[in-house]
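If you want the building blocks of each chain, they are given just below.
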Amino acid sequence: MNPSILRIATRKSPLALWQAEHVAAALRAAHADLRVELLPLSTRGDEILDRPLAAIGGKGLFLKELEVAMLEGRAELAVHSLKDVPAELEPGFTLPAILPRADAADAFVSLRYADLSELPQGARVGTSSLRRQAQLRALRPDLRLLDLRGNLGTRLAKLDADDYDAIVLACAGLERLGLSARIRSRLAAPDWLPAPGQAAIAIEARADQPGVLQRLAVLDDAETRLAVTAERAMNQALGGSCTVPVGAWCVVGEHGLHLRGLVGDAAGGRLLHAEADSSGDQAVALGQRVAEDLLAQGAGAFLGR
């Protein structure tokens, strides 16, 4: 039986609330009889801002409280940025819908400089992402890379206060909050790879609630799911999390999938690249194949293996 009320567990940040409202609106449009409510929650990842995510347990810290709310029956679904969702979900949970992907590029944001090449020697660049740090060091080993945590508004305020000469954020987040004007230039594939699943919104729900899953499935975008399935399969085969610098970008074309993968050394800036093609029904195998290529090149040294 399909429920008539769905409650969305969400983080309290402006971007998370935007994403939850976006999903709520899509659900109401798809189901005229449905009432959708938001349950804003604070997660450990939101509360601990004085240390990099890699040092406190990774991106899964943004999910735990939302999953507890679903287990306790306070919410039927949670909305996440897919890049924050671990490659392997906790038992009993599933992703019944992945919405159409937005711009997956990273954004170079600065008050004074138009792009990465304009930064002066030793410029201060803020990012806590090891993937971004590895690619920045590969391109500009002279830069001073500094940690940067907090929601989008907090990060931009630190840049505006002259704590940094530039910061790197996700284009999608800036665009969703009406801040596209802050993007000075895009860091995009194939020269720069995003996080696996970046710019896709994912809906998580309990696997044992078929009525809820049926309601949510109408929002699933088949092309986005194909692409991120390959990216996340690569990440999972590498044991990837935010504690290692992993990038992935899959393009769905007329003749199948093309996946590019990257593993980097955030300290030294060395990058390993691999790419491969497959048919659309081989997304998981494609991700695993690219991961195997990266491991054969020595990626294990960057992954703590």
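Residues numbered from 1 in each chain as written. Predicted model: local features only at pLDDT ≥ 70, side-chain atom pairs only at ≥ 80, totals over all residues. Heavy atoms only, no water.

## Describing the overall build of the protein chain
For step 1, the next point in the chain: When helices and strands are counted, the protein chain shows 10 helices and 13 strands.
For step 2, the next point in the chain: Computed over C-alpha atoms, the radius of gyration of the protein chain comes to 19 Å, within 12% of the 19 Å expected from 2.2 N^0.38 for 305 residues, which places it in the range of a compact globule.
For step 3, the next point in the chain: If one aligns the C-alpha atoms of the protein chain with their principal axes, the spans along those axes are about 60 × 45 × 35 Å.
For step 4, the next point in the chain: Out of the 305 residues in the protein chain, the part that is buried amounts to 52%.
For step 5, the next point in the chain: If you take every contact in the protein chain between residues at least 6 apart in sequence, the share linking residues at least 24 apart comes to 68%.
For step 6, the next point in the chain: Here the protein chain has roughly 12900 Å² of accessible surface; of this, 51% comes from carbon and sulfur atoms.
For step 7, the next point in the chain: Averaging the locations of the 34 positively and 38 negatively charged side chains of the protein chain gives two centres separated by 4 Å. (Helix = DSSP H or I, 4+ residues; strand = E, 2+ residues; numbered from the N terminus. Rg over C-alpha atoms; globule rule 2.2 N^0.38 Å. Buried < 20%, exposed > 50% of the residue type's maximum accessible area, 1.4 Å probe, protein only. Contact = heavy atoms within 4.5 Å. Areas by Shrake-Rupley, 256 points an atom, 1.4 Å probe, with all protein chains shown as cover. Lys, Arg positive; Asp, Glu negative; His and termini not counted. Charge placed at Lys NZ, Arg CZ, Asp CG, Glu CD.)

## Examining the pattern of salt bridges
For step 1, the next point in the chain: Under the counting rule described, the total for this entry stands at 19 salt bridges.
For step 2, the next point in the chain: Residue Arg35 pairs with Glu37 through a salt bridge whose shortest N-O separation is 2.7 Å.
For step 3, the next point in the chain: A salt bridge links Asp142 to Arg140; the nearest nitrogen and oxygen atoms lie 2.8 Å apart.
For step 4, the next point in the chain: Salt bridges linked by common partners bring Arg112, Arg124, Asp162 and Asp165 together as one network. (Salt bridge = Lys/Arg side-chain N within 4 Å of Asp/Glu carboxyl O.)

## Notes on the nonpolar core
Soluble globular proteins: nonpolar side chains tend toward being buried together.
For step 1, the next point in the chain: Counting residues in each nonpolar core, the largest one holds 22 residues, and the members touching the most others are Met234, Leu238, Leu259, Val263, Val290 and Leu294.
For step 2, the next point in the chain: Not counting the four nearest positions on each side in its chain, Val263 is found in contact with Leu238, Pro245, Val246, Arg270, Leu271, Leu272, Leu294, Ala299, Phe302 and Leu303.
For step 3, the next point in the chain: Among the nonpolar cores identified, the runner-up in size contains 19 residues, and Ile8, Ala24, Val36 and Val212 belong to it. (Core = buried A, V, L, I, M, F, W, Y, C linked by side-chain atoms within 4.5 Å.)

## Examining unusual backbone geometry
For step 1, the next point in the chain: Omega for the peptide link from Ala189 to Pro190 comes to 5°, which places this bond in the cis form.
For step 2, the next point in the chain: Structurally, Pro190 can be placed in the loop between strand 9 (185-187) and strand 10 (201-206).
For step 3, the next point in the chain: The backbone of Asp162 shows a phi angle near 70°, a positive value even though the residue is not glycine.
For step 4, the next point in the chain: Locating Asp162 in the fold gives a position in the loop between helix 6 (152-160) and strand 8 (166-170).
For step 5, the next point in the chain: The backbone of Ala199 sits at a positive phi, close to 80°, despite the residue not being glycine.
For step 6, the next point in the chain: Of note, Ala199 is situated in the loop between strand 9 and strand 10.
For step 7, the next point in the chain: Taking the relative accessible area as the measure of exposure, Ala199 reaches 6% and is therefore buried.

## With respect to the pairing of strand 3 (residues 77-81)
For step 1, the next point in the chain: Burial analysis of strand 3 places five of its five residues in the buried class, which makes it a mostly covered element.
For step 2, the next point in the chain: Pairing of strand 1 (residues 5-11) with strand 3 involves two bridges; the strand directions are parallel. Counterpart to Ala9 in the pairing with strand 3 is Ala78.
For step 3, the next point in the chain: Bridge analysis of strand 3 against strand 10 gives five bridges, and the strand direction is antiparallel. Within strand 10, the position partnered with Leu77 by the bridge is Ala205. (Pairing = 2+ DSSP bridges.)

## Looking at helix 5 (residues 130-139)
For an α-helix, the turn length of 3.6 residues means that residues three or four places apart are oriented alike.
For step 1, the next point in the chain: By the criterion of burial, helix 5 is predominantly enclosed, with seven of the 10 residues buried.
For step 2, the next point in the chain: Among the residues of helix 5, Leu130, Arg131, Arg132, Gln133, Ala134, Gln135 and Leu136 are the ones counted as buried.

## Remarks on the sheet that holds strand 10
For step 1, the next point in the chain: Within the open sheet, the five strands sit side by side as 2-1-3-10-4. Their pairing is mixed. Unpaired on one side and paired on the other, strand 2 (35-41) and strand 4 (93-98) mark the two borders of the sheet. Strand-to-strand, the axes of this sheet are offset by a mean angle of 30°, without reference to chain direction.
For step 2, the next point in the chain: Of the strand pairs in this sheet, strand 1 and strand 2 are connected by seven bridges, and their pairing is parallel. By the bridge assignment for strand 2, Arg11 is matched with Leu41. (Axes fitted to C-alpha atoms, helices over the stretch in contact; angles between N-to-C directions.)

Read these as layout, nothing more, since geometry by itself doesn't imply function.
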